[in-house]
Amino acid sequence: MELQDEIASKIGKNRFVLRAVLDSIRLALRVITLPIIRDIHPWTTPEKNQGAILPINTELQQEDLLLPMQVASEFIERSSYRMIMDVCGCRKAYSCKHHSPEVGCLFMGESVLDISGGLGRMVSKAEAQEHLQNAVAQGLVPVTSKVRIDNFMFNIPDRGKLLTLCFCCHCCCMSSFYKDLPAEYLNQVVRPIRGLTIEVGDECVGCGACLDYCIFGAISIVQGKAVHSSTCRGCGRCATRCPEKAVGMSLDNPNVKDEIVSHISTYVDVT
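These numbers were taken from a predicted model, which means no experiment stands behind them.

Let us now look at the packing of helix α4 (residues 67-78) against helix α6 (residues 125-137). Interaxial distance between α4 and α6 falls to 10 Å at its minimum, and their mutual angle equals 160°. By the criterion of interaxial angle, the relationship of α4 to α6 is roughly antiparallel. Relative to α6, α4 is oriented so that their crossing is right-handed. Residue-level contacts link Met69, Ala72, Ser73, Ile76 and Glu77 of α4 to Lys125, Ala128, Gln129, Leu132, Gln133 and Val136 of α6. For the contact of α4 with α6, the residue count by class is 6 nonpolar, 3 polar and 2 charged.

If you trace the backbone, Asn253 turns up in the loop between β12 (247-251) and α10 (256-265). A polar side-chain atom of Asn253 sits 3.1 Å from a polar atom in the side chain of Glu259.

On to the packing of α4 against α10. Put simply, α4 and α10 touch, their axes get as near as 9 Å, and they point 45° apart. When the axis of α4 is compared with that of α10, the two are oblique. Seen from above, α4 lies across α10 with right-handed handedness. Counting all contacts with α4, which are made through Leu67, Gln70, Val71, Glu74, Phe75 and Arg78, the residues of α10 involved are Val256, Lys257, Ile260, Val261, Ile264 and Ser265. Considered class by class, the residues forming the contact of α4 with α10 number 7 nonpolar, 2 polar and 3 charged.

Rules used in this analysis
Residues numbered from 1 in each chain as written. Predicted model: local features only at pLDDT ≥ 70, side-chain atom pairs only at ≥ 80, totals over all residues. Heavy atoms only, no water. Axes fitted to C-alpha atoms, helices over the stretch in contact; angles between N-to-C directions. Helix = DSSP H or I, 4+ residues; strand = E, 2+ residues; numbered from the N terminus. Parallel < 35°, antiparallel > 145°, perpendicular 65-115°, else oblique. Left-handed = near helix turned anticlockwise from the far one by under 90°. Contact = heavy atoms within 4.5 Å. Nonpolar A, V, L, I, M, F, W, Y, C, P; charged D, E, K, R; others polar. Polar contact = N/O pair within 3.5 Å; in protein donor to acceptor, adjacent residues only side chain to side chain.

Here it is in structure tokens:
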């Protein structure tokens, strides 16, 4: 087992191997996301893939806590097992120029025990909470999800016992692989947060600074002003990056934490 973990560790940290794997998945998804195929393939069916992108904006606070901290913290406290990956495979593979690959994904649930120990370390709830706070402080967007591709990546059965808490940058994250899905289908697997509103004010000068930071390519410049399409998932990167502070976000839903936790828990059990 120690030898297997050592091999897994070397492979899991090799930029060229990771790049080859992720590029292959990206190519496969170009086919899998096509009509009909996406309805039956386990990587895209709503029954096996459910996620929520948690916005990072400081104005979205309830009880003095950021929204992502509330949702992610709840799952951490519920979880029976937790593993932090030694590296973020996406940032390592694509040599991220904006964020460190050392901030790896956090996996929770019983299936964590099936992941090779050479890829990460088991942590306490307190260590997991600290990792979450560090990732958000660095501007990474938490995405909590049950993702069938992860079972494929780790070669473990899908028993509904593996929850991923990915900390996404705008340039390398695997979440962008799903941007080719139409909005009506994307809504089924990455549901928009109910009550979340994004508005672009008159301060917008159409500079386009927000375009490069939208992982789903949901922003365009129309008549000199940024416009969000229906594929926007409300991550909040545009608001934090806008030099004119023209993008505002508001949240009118006092039950948002419980709604997200309840929905995701329908598909995956971390206890």
